[in-house]
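Survey of secondary and tertiary structure
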Amino acid sequence: MTIHLPDSEGRLRAYDPRPEPLALTPGAPFTSRTVFSAAHVVADPFADVSPDSPAAVDWDATLAFRRHLWSHGLGVAEAMDTAQRGMGLDWAGAAELIRRSAAEARAVGGRIACGVGTDQITAGSLVEVRAAYEEQLALVEESGAQAILMASRALAAVASGPEDYLEVYGHLLRQAAEPVVLHWLGPMFDPALEGYWGSSDLDAATDTFLEVIAAHPDKVDGIKVSLLEAQREIDIRRRLPQGVRCYTGDDFNYPELIAGDEQGFSHALLGIFDPLGPLAAEAVRVLDTGNVVGFRELLDPTVELSRHLFQAPTRFYKTGVVFLAWLAGHQSHFTMVGGLQSARSLPHFARAYQLADGLGLFPDPKLAEERMRNLLSLYGVDR
């Protein structure tokens, strides 16, 4: 049946939902690329909390979503910014999430890597920042998960220049038990990270970033670059030491970066692979056969949805990700920790629904339509 959706100018326009979803089934792990989905957390809708209260998480639904991703062959990047790290999920909640998800990964044979940051402190000296990183690194290593060294707001605030980044990261890499992933998150995802690696000049920051890696190539499994600049990622990728992977975090240009060129390719660690999980997995399995054209034919049409969800202010992309998880039936409600479900507009939701439905992402299109109608009714749309 036709549904009427508000456009960006507030006018209702008719849309006929897709009757059938894409036929996507679970499959084996990939052979040509290492692919992680940064997964969201499911809030407990019945918890009596306020937006600034500690996160109340529905652990059963949160872990069930991770099993869904693992079943399609994807790895899970846990306790990252997609999980609202620093935007509703504090360190205590993240620590519990890491423990539970790592245990679940062991139980089902899923691959997992977990974010290591400094969000148990808001400010401090370099010594205090280093100690905060060490505490989190120890917990992740004890859980049996791979560590992802995330960018630190506290380090960005206290560092006086590139040498401070070299000192802190060098110390952490020397003591890491296993190779880690280094994460460079741009200020479009978190404004507090402006000038990371000691400079707002991205060329200078890149040099410092690569200097850290060059000094410890045996302790760096790979890097995750989230700057939304495809050519910069390619340039960085080509300068990495042999054996150090590049995991694209570019939610605007991921198909071309994963496909690669004659000089190399990117693996993936992406927030957009939360809602795209089964479709992304199918595309990578096609790529495993050497069929780059088929890979691009599956994944290129998803870029419009991704760019919509990650439009400025980019840091609120999590709202669209959880919205689509609700429509897809992965959770029973559209509630987020920190009350972040209010961070996007009704026209934004309507367009996200239309784009995702057009891609066939909803396992039950009728359920998605019914839930979209319920949301429209809540906002006063009565047809």
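Residues numbered from 1 in each chain as written. Predicted model: local features only at pLDDT ≥ 70, side-chain atom pairs only at ≥ 80, totals over all residues. Heavy atoms only, no water.

Looking only at helices and strands, one finds 14 helices and 10 strands in the protein chain. Relative to the 2.2 N^0.38 estimate, which gives 21 Å for 383 residues, the radius of gyration of the protein chain is 20 Å and therefore close to what a compact globule would have. Burial statistics for the protein chain: of 383 residues in total, 57% are counted as buried. Counting contacts in the protein chain only where the partners sit at least 6 residues apart, residues at least 24 apart contribute 70% of the total. A total of about 15,200 Å² of accessible surface is found on the protein chain, and carbon and sulfur atoms cover 50% of it. The centroid of the 32 positive side-chain charges in the protein chain is displaced by 3 Å from the centroid of its 51 negative side-chain charges. (Helix = DSSP H or I, 4+ residues; strand = E, 2+ residues; numbered from the N terminus. Rg over C-alpha atoms; globule rule 2.2 N^0.38 Å. Buried < 20%, exposed > 50% of the residue type's maximum accessible area, 1.4 Å probe, protein only. Contact = heavy atoms within 4.5 Å. Areas by Shrake-Rupley, 256 points an atom, 1.4 Å probe, with all protein chains shown as cover. Lys, Arg positive; Asp, Glu negative; His and termini not counted. Charge placed at Lys NZ, Arg CZ, Asp CG, Glu CD.)

To continue, consider the sheet that holds strand β8 (residues 220-226). Pairing is parallel in the closed barrel, where 8 strands are placed in the order β3-β4-β5-β6-β7-β8-β9-β10. Strand after strand, the sheet turns through a mean of 25 degrees between neighbouring axes, direction not considered. In the sheet, strand β3 (residues 35-38) pairs with strand β4 (residues 75-78) via 3 bridges, with the strands oriented parallel. Residue Ser37 lies in a different strand from β4, and its bridge partner there is Val76. Helix α2 (residues 91-108) contacts β4 and β5 (112-116) of the sheet and is inclined by roughly 165 degrees relative to β5. (Pairing = 2+ DSSP bridges. Axes fitted to C-alpha atoms, helices over the stretch in contact; angles between N-to-C directions.)

Attention now moves to the packing of α2 against helix α3 (residues 126-143). Packing of α2 against α3 brings their axes to within 9 Å, and their N-to-C directions diverge by 20 degrees. In terms of orientation, α2 and α3 fall into the roughly parallel class. Regarding α2 and α3, the two cross each other, and that crossing is right-handed. In contact with Trp91, Ala95, Ile98, Arg99, Ala102 and Arg106 of α2, α3 contributes Glu135, Gln136, Leu139, Val140 and Ser143. Partitioned by chemical class, the residues of the contact of α2 with α3 number 6 nonpolar, 2 polar and 3 charged. (Parallel < 35°, antiparallel > 145°, perpendicular 65-115°, else oblique. Left-handed = near helix turned anticlockwise from the far one by under 90°. Nonpolar A, V, L, I, M, F, W, Y, C, P; charged D, E, K, R; others polar.)

Here we take up the environment of Leu346. Its place among the elements puts Leu346 in helix α13 (residues 346-359). On the basis of relative accessibility, which here comes to 10%, the residue Leu346 falls in the buried class. Taking the C-alpha atoms as reference points, Leu346 and Leu375, separated by 29 residues in sequence, lie 8.6 Å from one another. Among all residues touching Leu346, those that are not within four sequence positions of it are Pro6, Met372, Leu375, Leu376, Tyr379 and Val381.

Overall, the coordinates contain 20 aromatic pairs when judged by the stated rule. For Arg33, the ring lying beneath its charged end belongs to Phe265, and the centroid distance is 3.5 Å. (Phe/Tyr/Trp six-rings, centres within 6.5 Å; stacked < 30°, edge-to-face > 60°. Lys NZ or Arg CZ within 6 Å of the ring centre and 35° of its normal.)

For β8 and strand β9 (residues 245-248), the ladder comprises 4 bridges, and the chain directions are parallel. Bridge assignment links Gly222 to a residue of β9, and that residue is Arg245. Crossover handedness for the path β8 to helix α7 (residues 230-238) to β9: right-handed. In terms of strand pairing, β9 meets strand β10 (residues 267-270) through 2 bridges, oriented parallel. The residue bridging Tyr247 from the neighbouring strand is His267, located in β10. (Right-handed = clockwise from strand over helix to strand, strands pointing away.)

Attention now goes to the pairing of strand β2 (residues 12-15). Across a regular strand the side chains alternate sides, sitting on one face of the sheet and then on the other. Here strand β1 (residues 3-6) runs beside β2; their pairing, made up of 4 bridges, is antiparallel. Bridging from a neighbouring strand, Pro6 pairs with Leu12 of β2. Where β1 hands over to β2, the hairpin turn is made up of 5 residues, of which Gly10 adopts a positive phi near 85 degrees.

Okay, the packing of helix α9 (residues 277-288) against helix α10 (residues 292-299) next. Orientation of α9 relative to α10, taken along the N-to-C sense of each, is 170 degrees, at an axis distance of 7 Å. Judged on the interaxial angle alone, α10 and α9 are roughly antiparallel. Taken together, the residues of α10 that come into contact with α9 (itself represented by Leu279, Ala280, Glu282, Ala283, Val284, Val286 and Leu287) are Val292, Gly294, Phe295, Leu298 and Leu299. Of the residues contributing to the contact of α9 with α10, the split by class is 10 nonpolar, 1 polar and 1 charged.

That's the geometry; what it means functionally is another story.
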